[in-house]
Amino acid sequence: MTPAPPRTPRRAWLPVALTMFAIGWGANQFVSLLVAYRERSGFSVSTVDALVGAYALGLIPALLVLGPISDRRGRTPVLRAAALVSLAATAVLMIGDLWALYAGRLLAGLASGAAFAAGSAWVEELSTARWDPAAREGAGARRAAMSLTAGFCLGPVVAGLLAQWAPDPLVTAYLPHLVVVLAVLGPLWRAPETVDPARVSPAAGSPLARLRVRSASDPRFRRSVAPVAPWVFGAATVSIAVLPGLVTDTTAGWTVAFSALIAGVTLGTGFLVQPTARRIAAASPRRGVVCGLVAVVVGLGIAAAAAATTSPWLVAPAAVVLGTGYGCCLVSGLIQTQRIAAPGELAGLTAVYYALTYVGFAAPVLLALLAMLLPYWVLLLGAAALAALTLAVAVTAPREGALSAR
């Protein structure tokens, strides 16, 4: 099912990880431009929120369909197509009209959905002893998570800084992504395939039934992974999309740059903690979850204080702690997902996991709706309490030995 070639390219996983980095850049570059579109294009808050939602509209179906397809048809066609669609998405966004922004965000979601599940599974397979004898347990999850997080981090930072100070900012901000994607296409086309469709047993039933991921019903996944997954991007988006908007009165004149800075701090911290998070989660998945959710709870508490005082000086430490929670939860969830996935379902279950993490992208919209009834600091304290409840549920899940038993 996963044949080993006679010769394995050194660091065969790297072109795949770089492609995930490039697609992650394209997925997240739009985030730090939200303020710029409101200020310079006159879009309302509801319009900008809808543009964020268009991304999820493309991402989740692509995840759930193309992840299982890559388990059966191979990683290569899925990730190659994702890279080309990501390139096209940015080109469309540069047009700048509202229809183009909707289309570009939808295409970016499709590219991300195709890439994240198939790419994470591909990196994991190229990080096993069959392909990389020096790789340690959890190396694949760490490499996939770090490549995505690096793209998520650099995309909004570079785009935000260009949007603040470059000429023709809402065009110039997208140019670096085009360069990054074009640079990874050549190495990607030479990356070795890990799935031989001829050796994959054909699934019985209808086409819809063949997309079913049976591992998602595993009690270990339902109790230990699924409840924690929404906090991955829930923590990150509160820091990136909510907190900068609460302190705009004190960041006048550099609001776009401040948003880019907070995105960089949040995701940069998430990137830096992932090697440590991998070691913790590989030794004890339960401990990895605890570390991640404790950071989320504390970060949301600091965020509530920042909202109550409208202090940008509190937004920065909140971003560091929430970024830590993001990084720890992402890596521990990927490691557990890879341990639980049944043979032939690695990309499929990874797709389910990522789909659950993206539920967290609804946090800013939900908080904005509830803010009509309660102040943000109260809502953020409520979110901290909900994260603490999730922690209580997760630590009562089957113990580590059960999670690692295969």
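So, here is what we can say about the structure in this document. (Residues numbered from 1 in each chain as written. Predicted model: local features only at pLDDT ≥ 70, side-chain atom pairs only at ≥ 80, totals over all residues. Heavy atoms only, no water.)

## Considerations on the overall build of the protein chain
- When you go through the protein chain residue by residue, the secondary structure sums to 18 helices and zero strands.
- Compactness check: the protein chain gives a C-alpha radius of gyration of 20 Å against a globular reference of 22 Å for 406 residues, within 12% of the reference.
- In terms of overall dimensions, the protein chain has a C-alpha envelope of 60 × 45 × 40 Å along the principal axes.
- Within the protein chain, buried positions represent 56% of all 406 residues.
- Taking the contacts inside the protein chain whose residues are at least 6 apart along the sequence as the reference set, 86% of them involve residues at least 24 apart.
- Summed over all atoms, the accessible surface of the protein chain reaches about 15700 Å², with 68% contributed by carbon and sulfur.
- Computed over 29 positive and 15 negative side-chain charges, the separation of the two mean positions in the protein chain equals 9 Å. (Helix = DSSP H or I, 4+ residues; strand = E, 2+ residues; numbered from the N terminus. Rg over C-alpha atoms; globule rule 2.2 N^0.38 Å. Buried < 20%, exposed > 50% of the residue type's maximum accessible area, 1.4 Å probe, protein only. Contact = heavy atoms within 4.5 Å. Areas by Shrake-Rupley, 256 points an atom, 1.4 Å probe, with all protein chains shown as cover. Lys, Arg positive; Asp, Glu negative; His and termini not counted. Charge placed at Lys NZ, Arg CZ, Asp CG, Glu CD.)

## Considering the side chain of E124
- Mapped onto the secondary structure, E124 falls in helix α5 (residues 98-126).
- Salt bridges are absent for the buried E124, whose nearest opposite-charge side chain, R143, sits at 8.1 Å.
- Here E124 is in contact with G140, A141, Q338 and L346, once residues within four sequence places are set aside. (Salt bridge = Lys/Arg side-chain N within 4 Å of Asp/Glu carboxyl O.)

## Some details on the pattern of salt bridges
- Scanning the model with the defined rule gives three salt bridges in all.
- E125 is paired through a salt bridge with R75; the nearest N and O atoms lie 2.5 Å apart. Of this pair, E125 sits in helix α5 while R75 sits in helix α4 (residues 75-93), placing them 50 residues apart in sequence. When sorted by exposure, E125 lands in the same class as R75, which is buried.
- Via salt bridges that share partners, D71, R75 and E125 belong to a single interconnected network.

## Description of helix α12 (residues 255-283)
- Its 29 residues give α12 an end-to-end C-alpha distance of 42 Å, which sits within 8% of 42 Å, the value for a rise of 1.5 Å per residue.
- Bending of α12 peaks at approximately 45° at the position of Q274, with proline P275 no more than four residues after it. (Expected span 1.5 Å × (residues − 1). Bend = angle between axes of the 7 residues up to and from the residue.)

## Comments concerning the packing of helix α1 (residues 14-28) against α4
- Contact geometry for α1 and α4: axes closest at 10 Å, N-to-C directions at 30°. Between α1 and α4, the angle is such that the two are roughly parallel. Regarding α1 and α4, the two cross each other, and that crossing is left-handed. For the pair α1 and α4, the contacting residues are V16, T19, A22 and I23 in the first and L79, A82, A83 and S86 in the second.
- Classifying every residue of the contact of α1 with α4 by side-chain character gives six nonpolar, two polar and no charged. (Axes fitted to C-alpha atoms, helices over the stretch in contact; angles between N-to-C directions. Parallel < 35°, antiparallel > 145°, perpendicular 65-115°, else oblique. Left-handed = near helix turned anticlockwise from the far one by under 90°. Nonpolar A, V, L, I, M, F, W, Y, C, P; charged D, E, K, R; others polar.)

## With respect to the packing of aromatic side chains
- Applying the stated criterion to the full structure yields 14 aromatic pairs.
- Ring centres 4.8 Å apart and planes at 15° place the aromatic pair Y358 and F361 in the stacked group. (Phe/Tyr/Trp six-rings, centres within 6.5 Å; stacked < 30°, edge-to-face > 60°.)

## A look at the environment of V395
- Here V395 shows up in the loop between α17 (376-394) and α18 (400-404).
- Judged by relative accessible area, V395 falls into the partly exposed class, the value being 34%.
- Separated by 105 residues in the primary sequence, V395 and V290 have C-alpha atoms spaced 7.5 Å apart.
- Other than its neighbours up to four places away in sequence, V395 contacts R286 and V290.

## Some thoughts on the nonpolar core
- Among the nonpolar cores identified, the biggest contains 127 residues, and F116, F152, L300 and L380 are the most heavily contacted of them.
- Those residues in contact with F116 that lie beyond four places of it in its chain are M20, I23, Y55, L59, L63, L148, F152, T350, Y354 and Y358. (Core = buried A, V, L, I, M, F, W, Y, C linked by side-chain atoms within 4.5 Å.)

## Describing the state of the cysteines
- All chains considered together, the criterion is met by zero disulfides.
- Looking at C153, it has no disulfide partner, and the nearest cysteine sulfur is the one in C328, 16 Å off.
- Among the residues examined, C328 registers a relative accessible area of 9% and is labelled buried. (Disulfide = S-S within 2.5 Å.)

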